[in-house]
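Observations on the model geometry
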Amino acid sequence: MTSLPTEPATRRLGLVIDLDICVGCHACAVNCKEWNAGGHMAPLTDFDAFGEKPSGVWFNRIHTFEAGEGADGRTVHFPKSCLHCETPDCVTVCPTGASFKRAADGIVLVNEDFCIGCKLCSWACPYGAREFDEDVGVMKKCTLCVDRIYNETLDTVERVPACVSTCPVGARHFGDLGDPTSSVSQLVAEREGYDLMPEMGYRPTNKYLPPRPRKVGSGGTNGAPCHTGPVAEQADLSAHPFLRWVDRLLTR
Amino acid sequence: MYPAYSVIFFTSASGAGYALLALMNMLALIGLLPAERWFGITGFLAGLTAITAGLLSSTYHLGRPERAWRAFSQWRSSWLSREGVLAVATYLPAGITALGWVFWEQIWWLPAVFLVALATTTICATAMIYASLKTIRRWNNGWTLPNYLGMGFASGGLWLCLLGSLFALSSPLPALLAIAFVAIAAGIKFGYWRFVDTDIGRSTAGSATGLGRFGAVRLFAAPHTEENYLLKEMGFKVARKHVATLRRITWLCAFAIPLVAVILALLLPTLSLWLLIVAVLTNALGTVTERWLFFAEARHVVTLYYGAEAA
């Protein structure tokens, strides 16, 4: 059924993404691809992967934006995957019943056996969360790693989405955003986490934490570059043939 | 949005087909068209052929066309599903009405009423697939539904006009209706284009990223070096100068030439058949151009994540 659950889920599993911390390393996207290429939504087809015009299905993509000007400007790395919205039109527009939102935990999924590949759900999603797999002829999307988070064959620490488990800086958090006492909900409250494109009315579950205010006197790009003095003194190595060899080797 | 030819052909052809069936049966119901056998055969055949060809072509853009039957199941929530149900349901009253018209030369009013209602509603459902998408401001507005009805009934009206001339139905009514529908469709298209040219959209790169609080938001680095599905499907762009040319073609072919041709056909009955053939053919070309632009000019909010500033 592509009608939304009549009783909103009390559990709302989702991600909280800290834009203050993300360094834009794309590790979350790579691990997402790695896990999902063999998991619930497999295969995630790639075409011409090592050729001139590679293309393929990804559930998680990392954009980098500049916001503001000069000293107040920011460069922000911005990972984006399915936001598992409360009222997503990608589910209701589906003509076949392939798209659905789980009543139990709010995860939005595609039943690949029902999907006819009409692409309308990707048109209805403002966030670009759904991608068409040319090879299989059906729609693919982030499952919030439904095949990890409930997977009892994995260690408890592994039962989080692949993107969360791999983030080297801890910029991604996973939890129940329907529970106001959960650590993710408290993080959102404390850091004033926000929705993307709230004007669409989809009520995303995933939240983004804004970059923190810049500390006064933290340097940065206040016009002239900071003066740090000579980078390093050039050492006199004329009397040390071994050190001279090492120096040549290292500066090659 | 990427203008898929299968969908352009489907919406243009089925719009004309459903409108022709609706008009022909509406006029016959109120006694303004005779239930003449050969006129009936040709009219139903033309309408049903356009509809069937359109529906078949619409399955071409599906990834799994063999499962298309599943699309009839979710009519409670999905306009695409509703359209499928209505489109196929129309065949039943169309078949029954055609039977009475062709074999008994009678208008059976009950199926005919259903046929008129279902055919018109199907055009509305097609329009609502697009009008209901909040992500595309150029579709999600009050002009889209009238636009589809107007374009459909303009084409259908011209078809009926041609059939009337072909079977020497002396009534000038189809011609007058066609003139009215083409004029109304042109007015709606003028309003639609004025709206899309002045509307700036509801979302910005600032609202899409939430970074508007720091000032203007610019894409610094895209997630990948090559085009992805999202950009191919939703990031289609058409050059402004091509838009101007294609809009002129639409004005000329969909509205101006057919309008002049129908008026001339009223004044010069000896040439009317040829003039109306010209009207129908140029209108078809104009309608397809209009539909191509309807898709190509539409901007999707996902482009805000790929460098667009507003959508």
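Reading the values: rules and limits
- Note on numbering: residues in each chain are counted from 1, in written sequence order.
- Labels are handed out in written order, letters beginning with A for the chains and numbers beginning with 1 for the ligands.
- Only residues with pLDDT of at least 70 get local features here, since the model is predicted, and only at 80 or more are side-chain atom pairs given and counted; chain-wide, interface and lining totals rely on the full set of residues.
- To obtain the side-chain values, all non-hydrogen atoms of the structure were included, while hydrogens and water were left out.
- Working definition: helices are DSSP H or I runs of at least four residues, strands are E runs of at least two. Numbering for both runs from the N terminus.
- Note on classification: 1.4 Å probe, protein chains only; a residue is buried when its accessible area is under 20% of the maximum for its type, exposed when over 50%, partly exposed between these limits.
- By definition, residues are in contact when any of their heavy atoms lie within 4.5 Å.
- Buried area is calculated as the accessible area (1.4 Å probe) missing from two parts once they are joined, with the contributions of both summed.
- Salt bridges are counted wherever a side-chain nitrogen of Lys or Arg sits within 4 Å of a carboxyl oxygen of Asp or Glu.
- Between the first and last residue of a helix there are one fewer steps than residues, each counted as 1.5 Å, and that sum is the expected span.
- To get the bend at a given residue, fit one axis to the seven residues ending there, fit another to the seven starting there, and take the angle between those axes.
- Pairing of aromatic side chains here covers Phe, Tyr and the six-membered ring of Trp, requires ring centres within 6.5 Å, and sorts the geometry by plane angle: under 30 degrees stacked, over 60 edge-to-face, intermediate tilted.
- Only when the NZ atom of a Lys or the CZ atom of an Arg is both within 6 Å of the ring centre and within 35 degrees of the ring normal do we say a charge sits over the ring.
- What makes two strands pair is DSSP finding at least two bridges between them.
- In this analysis, axes come from line fits to C-alpha atoms, helices being fitted only over the stretch in contact, and the angle between any two N-to-C directions falls in the range 0 to 180 degrees.
- Each polar contact in these results corresponds to two N or O atoms within 3.5 Å; when the atoms are within protein, one needs to be able to donate a hydrogen and the other to accept it, and residues that are neighboring in sequence are counted only if both atoms are side-chain atoms.

Once that is clear, we can look at the environment of A:Asp179. Structurally, the position occupied by A:Asp179 is in the loop between strand 10 (172-176) and helix 6 (183-191). The partly exposed category is assigned to A:Asp179, whose relative accessible area is 27%.

Each side of the interface is counted separately: chain B has 58 residues, and chain A has 62 residues. Across the chain B to chain A interface the summed buried area is about 5000 Å²; carbon plus sulfur atoms make up 58%. Ranking the residues of chain B by area buried against chain A places B:Phe214, B:Tyr229 and B:Tyr305 at the top, with a combined share of 14%. Between B:Arg218 and A:Glu69 there is a salt bridge, and its shortest N-O distance comes to 3.0 Å.

Looking now at helix 10 (residues 240-267) of chain B. All names here are of chain B. Taking 1.5 Å of rise per residue, the 28 residues of helix 10 would be expected to cover 40 Å, and the 39 Å separating its terminal C-alpha atoms lies within 8% of that figure. Remark: the principal bend of helix 10, roughly 35 degrees, maps to Leu 252. Every buried residue belonging to helix 10 is among Val 243, Arg 247, Thr 250, Cys 253, Ala 254, Phe 255, Pro 258, Ala 261, Val 262 and Ala 265, and all of these are buried. At its buried positions, helix 10 is contacted by helix 6 (144-166), helix 7 (173-198) and helix 11 (272-296).

Attention shifts here to the packing of aromatic side chains. Scanning all chains against the criterion turns up 27 aromatic pairs over all chains. Between A:Phe132 and B:Tyr229, the ring centres sit 6.2 Å apart and the planes meet at 40 degrees, which makes this aromatic pair tilted. Of this pair, A:Phe132 sits in strand 8 (residues 130-133) while B:Tyr229 is found in helix 9 (residues 229-234), placing the two residues in two different chains. Residue A:Phe132 is classed as buried on the basis of its relative accessible area, which comes to 7%. Aromatic pair B:Phe44 and B:Trp101: ring centres 5.7 Å apart, planes at 80 degrees, arrangement edge-to-face. Residue B:Phe44 is found in helix 2 (residues 37-58), and its partner B:Trp101 is found in helix 4 (residues 91-104); the two are separated by 57 residues along the sequence. If you follow B:Arg70 out to its NZ or CZ, it ends over the ring of A:Phe114, 3.8 Å from the centre.

Here three strands make up an open sheet; going across it, the order is 5(A)-4(A)-1(B) and the pairing antiparallel. The sheet is open, and its two borders are formed by strand 5 (74-80) of chain A together with strand 1 (217-221) of chain B, each paired with just one other strand. Shown here is a sheet whose adjacent strand axes are inclined to one another by a mean of 35 degrees, direction ignored. Across four bridges, the pairing between strand 4 (residues 61-67) of chain A and strand 1 of chain B is antiparallel. Of the residues in strand 1 of chain B, the one forming a bridge with A:Glu66 is B:Arg218.

Now for the side chain of A:Thr64. Within the element layout of this structure, A:Thr64 appears in strand 4. In this structure the side chain of A:Thr64 is engaged in a polar contact, spanning 3.0 Å, whose partner is the side chain of A:His77. Other than its neighbours up to four places away in sequence, A:Thr64 contacts A:Thr75, A:Val76, A:His77, B:Arg218, B:Leu219, B:Phe220 and B:Ala221.

That's the geometry; what it means functionally is another story.
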